[in-house]
Amino acid sequence: METIKQALEKASSLQKISDTWQLDSELLLASAIEKSREYLFTWPERELADTQLRAFQEFCERRSAGEPIAYILGRQSFWDFELKVNPSVLIPRPETELLVETALELLEDAYPGTANILDLGTGSGAIALALAANNDAWQVTAVDSSAQALAVARENAESLQIANIEFVQTSWCDGLEANYYDLVAANPPYVQEGDRHLLEGSLPFEPVSALVAGDGGLADIRTIAEQARHCMQLGAWLLIEHGYEQKLAVAKILADAGYKNIECVLDLAKLDRLTKAQFLS
Ligand SMILES: C[S@@+](CC[C@H](N)C(=O)[O-])C[C@H]1O[C@@H](n2cnc3c(N)ncnc32)[C@H](O)[C@@H]1O
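Presented here is an overview of the structure given in this document. In this text the structure is predicted, and so the values were computed from the model without any measurement.

### Describing helix 7 (residues 126-134)
With 8 of its 9 residues buried, helix 7 lies for the most part within the structure. Along helix 7, the residues classified as buried are Ala126, Ile127, Ala128, Leu129, Ala130, Leu131, Ala132 and Ala133.

And the structure:
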């Protein structure tokens, strides 16, 4: 028999893999015994049942092999909600909340009533859900080429009871309505093939199709810039998340595609994370 405190002490072997190993082990144990983290601090001397201990040990083994906490727990916080995730979707990043904030700044004053919003490459549905939840008069189209990703996004919409989203399986803007959207948001794959970052952190566990793009990481951004303008109403904004070294390349792609008012937005770490551009003619 082991107590909660003893089990957590043994998990110190996670130090090899994670700088946040204490938090990781608390989250894993809380999930293994289906209690909150607070419960662990309140009842450190409580003994664990064999099945609970085995479940915790299995979680720790997966974490030791590098698997991200979000995939082990099957959930990830984003914006002001929690999303179901599995290895068919990218784990939503805090940086992507900048895209949501920027979209809301553009939408809230201009579209207090209805607006048509497009989220390209929705994955778990993170961006689409955050925007749709803000105003139920807004109608969001969430696109992904992956049927498995769309199944996760749909499940998230159902559990958050967000109904103003339509999910569409297609490649970027193929088959979408012309001259329709007031804002297009995209967090596309933008990592260059063979980039050393693909071997680090959670990336080896995430879908390659969510991460990697040809043409030095710019192929999907180029396609989106070319296609999205046909779906956008005059005056609509396109927001694209990109790598922090891609600002100039993305600005050129957008300018070549005819967008105006091109501006890069910095994230909290002062990195060039996102570019917005307007479709005016
Ligand atoms: C970087 S992930 C972004 C996921 C989510 N929007 C987020 O921010 O957490 C990119 C997404 O684009 C999707 N994707 C890749 N190629 C696509 C294509 N040709 N058409 C539509 N979606 C695509 C992937 O399946 C993946 O879900």
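### Concerning helix 2 (residues 21-32)
When the terminal C-alpha atoms of helix 2 are compared, their 16 Å separation across 12 residues agrees well with the 16 Å that a helix rising 1.5 Å per residue should span. Looking at helix 2, one finds that the buried residues are Asp24, Ser25, Leu28, Leu29 and Ala32. Looking down the long axis of helix 2, one finds its buried residues gathered within 125° of arc, a one-sided arrangement. Of the surrounding elements, those touching the buried residues of helix 2 are helix 1 (4-10), helix 3 (37-42), helix 4 (50-64) and helix 5 (69-73). Two residues or fewer after helix 2 comes Glu34, characterised by a positive phi angle close to 55°.

### Some thoughts on the nonpolar core
One recurring pattern in soluble globular proteins: nonpolar side chains tend to sit buried together. Counting residues in hydrophobic clusters, the biggest one holds 62 residues, and the most contacted among them are Ala128, Leu131, Leu183, Val184 and Leu238. Top contributing element to this core by residue count: helix 7, with 8 residues. With near-sequence residues (within four places) excluded, Val184 lies in contact with Leu118, Leu120, Ala228, Cys231, Met232, Ala236 and Leu238. Leu28, Leu29, Ala32 and Phe59 belong to the second-largest nonpolar core, a separate cluster that totals 11 residues.

Thresholds applied
Residues numbered from 1 in each chain as written. Predicted model: local features only at pLDDT ≥ 70, side-chain atom pairs only at ≥ 80, totals over all residues. Buried ≥ 20, exposed ≤ 12 C-beta atoms within 10 Å, placed from the backbone. Helix = DSSP H or I, 4+ residues; strand = E, 2+ residues; numbered from the N terminus. Expected span 1.5 Å × (residues − 1). Arc of directions from axis to C-beta. Contact = placed C-beta atoms within 7 Å. Core = buried A, V, L, I, M, F, W, Y, C linked by C-beta atoms within 7 Å.

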